[in-house]
Amino acid sequence: HTAAGEQVVTVTNLLKEFEPEKPTGLKATLKSLQFSKHAQEQIMQAGLSWSSTRLIAAMALAMVPGLGIGALLPFLLNGPTTGIVMAGIFATLPYLYVRHKRKKRLDTLEEQFPEALDFLARSMRAGHAFSISLEMLGEELSDPLGQEFRALFNEQNLGAPLDIALRNFTDRVPLLDVRFFTSSVLLQKQTGGNLSEILQRLAYVIRERFRLKGQVKAASAHGRLTATILTLLPVATMLGLLVVAPGYLQGMAEDPDGKYMIGGAIFAQVLGNFFIKKIINIKV
């Protein structure tokens, strides 16, 4: 009893409180480098069910054949240098695969987004609430965008504030159009207005941007073809010489100065391709 004569009620917590698990070993090292978080974001946006640890393990395993090829074909300075360079190139292949899947999925999401906005606008004009429209959109729209809208509706339906759910949606689908959509919904929530008309106009702007991107892509086709030819031509020439005259390039590969020239040529090829891509990559 307390001093006022009231009975003290003791509340026992039946649920064990777990402390967040602290990563150790490789996970701790990757977390300190912040690559694990970046890799997990890339995997999530690619729609893969991998973990960041699995991606790192795949990159480490891919280094082994690179070291072997570098040891067998020391075309850069010496065997160890060639092995290290080839191991680094092979290690990036799993990461490049994830980036390719991510780009392909984001392109599909971007193509589906105007249709999704039109569906939301029509549903709200018919008298449905925004949350009900999200549920209907998630059920009617095909994946992968339908899956993302179902996740958005489920987060909001389970009690998450709308701004938090939309922010998570933007993190999962990092597109400029999605940020416009999120800003429009949150601004309408604060200031009011006709959200269906806003979404319809946004869908029109996105379609017009697609049309402009198509025109830019057609105009830059010559530059992209030039970049492809200039990149593949030296490689094709080298392979042709190896077939026609196997000993023609062998002297250059064995000469110390020749190895520097081969390394410089490879570096110049990569650098030239990078700058050409930058020139023809026009943002719309």
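A short tour of the structure in this document, coming up. Note that the structure is a prediction, hence the values are computed from the model and not measured.

1. A look at the overall build of the protein
- Along the protein, the regular secondary structure elements total twelve helices and zero strands.
- Ordered by position from N to C terminus, the α and β elements of the protein give α-α-α-α-α-α-α-α-α-α-α-α.
- Residues counted as buried form 28% of the 284 residues belonging to the protein.
- Surface accessibility of the protein: about 18700 Å² in total, with carbon and sulfur atoms responsible for 63%.

2. Quick word on the environment of F169
- Secondary-structure assignment places F169 in helix α7 (residues 162-172).
- Exposure remark for F169: the relative accessible area of 0% places this residue in the buried category.
- In the structure, F169 is positioned 21 residues away from E148 in sequence and 7.1 Å away in space, judged by C-alpha atoms.
- With sequence-adjacent residues up to four places away left out, F169 is seen in contact with F113, E148, F149, L152, V178 and F181.

3. Remarks on the packing of helix α2 (residues 35-46) against helix α3 (residues 52-72)
- One can describe the packing of α2 onto α3 by two numbers: an axis separation of 8 Å at closest approach and a directional angle of 100°. In terms of axis orientation, α2 runs roughly perpendicular to α3. Contact with α2, carried on its side by F35, S36, A39, Q40 and I43, involves S52, L55, I56 and M59 of α3 and no other residues of that element.

4. Focus: a nonpolar patch on the surface
- On the surface, V235, M238, L239 and L242 cluster together into a nonpolar patch covering about 330 Å² of accessible area.
- Structurally, M238 is set in helix α10 (residues 221-244).

5. What to know about the packing of helix α9 (residues 195-219) against α10
- Between α9 and α10, the least distance of the axes is 4 Å, while the angle of their chain directions is 50°. Classed by the angle they form, the pair α9 and α10 counts as oblique. Of the residues in α10, those in contact with K217, A218 and A219 of α9 are A221, H222 and R224.
- Within the contact of α9 with α10, the residues separate by chemical class into three nonpolar, one polar and two charged.

6. Quick word on the nonpolar core
- Within the largest apolar cluster, 30 residues are counted, with the highest numbers of intra-cluster contacts made by F113, L117, F149, F169 and F181.
- Elements represented by at least two residues in this core include exactly α4 (79-125), α5 (130-140), α6 (145-157), α7, α8 (176-191) and α9.
- In terms of residue count, the dominant contributor to this core is α4 (eight residues).
- I43, I56, Y95 and V98 belong to the second-largest nonpolar core, a separate cluster that totals eight residues.

7. Details of the pattern of salt bridges
- Scanning the entire structure with this criterion turns up eleven salt bridges.
- When the shortest N-O distance is used, the salt bridge between D143 and R150 registers 2.9 Å.
- When its relative accessible area of 47% is taken as the criterion, D143 is described as partly exposed.
- Overall, the relative accessible area of 32% leaves R150 in the partly exposed class.
- Between R211 and E208 there is a salt bridge, with the nearest N and O atoms lying 2.8 Å from each other. Of the two residues, R211 and E208 both sit in helix α9, three residues apart, roughly one turn of that helix.
- Relative accessible area serves as the criterion here: at 47%, R211 is assigned to the partly exposed category.
- What makes E208 partly exposed here is its relative accessible area of 28%.
- Each of R105, E148, E155 and R172 takes part in a single network of salt bridges with overlapping partners.

8. With respect to α3
- For α3, with 21 residues, the first-to-last C-alpha span of 31 Å sits near the 30 Å given by 1.5 Å per residue.
- Of all the positions in α3, only S52, L55, I56, M59, A62, G66 and G70 are classed as buried. Looking down the long axis of α3, one finds its buried residues gathered within 125° of arc, a one-sided arrangement. Turned more than 90 degrees away from the buried face of α3, the exposed residues are L61, V64, A71 and L72.

9. Brief notes about the layout of surface pockets
- Of the voids in this model, the largest pocket is the one considered here, and its volume is about 1300 Å³.
- Forming the walls of the largest pocket are 26 residues, and the residues nearest its centre are K103, D107, K213, N281 and K283.
- No other element matches the eight residues that α4 contributes to the lining of the largest pocket.
- Looking at the lining of the largest pocket residue by residue, the class counts come to nine nonpolar, four polar and 13 charged.

Calculation criteria
- Residues numbered from 1 in each chain as written.
- Predicted model: local features only at pLDDT ≥ 70, side-chain atom pairs only at ≥ 80, totals over all residues.
- Heavy atoms only, no water.
- Helix = DSSP H or I, 4+ residues; strand = E, 2+ residues; numbered from the N terminus.
- Buried < 20%, exposed > 50% of the residue type's maximum accessible area, 1.4 Å probe, protein only.
- Areas by Shrake-Rupley, 256 points an atom, 1.4 Å probe, with all protein chains shown as cover.
- Contact = heavy atoms within 4.5 Å.
- Axes fitted to C-alpha atoms, helices over the stretch in contact; angles between N-to-C directions.
- Parallel < 35°, antiparallel > 145°, perpendicular 65-115°, else oblique.
- Patch = residues over 30% accessible without salt bridge, like charges linked within 9 Å, V, L, I, M, F, W, Y side chains within 5 Å.
- Salt bridge = Lys/Arg side-chain N within 4 Å of Asp/Glu carboxyl O.
- Nonpolar A, V, L, I, M, F, W, Y, C, P; charged D, E, K, R; others polar.
- Core = buried A, V, L, I, M, F, W, Y, C linked by side-chain atoms within 4.5 Å.
- Expected span 1.5 Å × (residues − 1).
- Arc of directions from axis to C-beta.
- 1 Å grid on protein atoms, 1.4 Å probe; cavity = no way out; pocket = protein on both sides within 12 Å on 5 of 7 lines; lining within 4 Å.
- Points joined across faces, edges and corners; volume = space filled by probe spheres on them.

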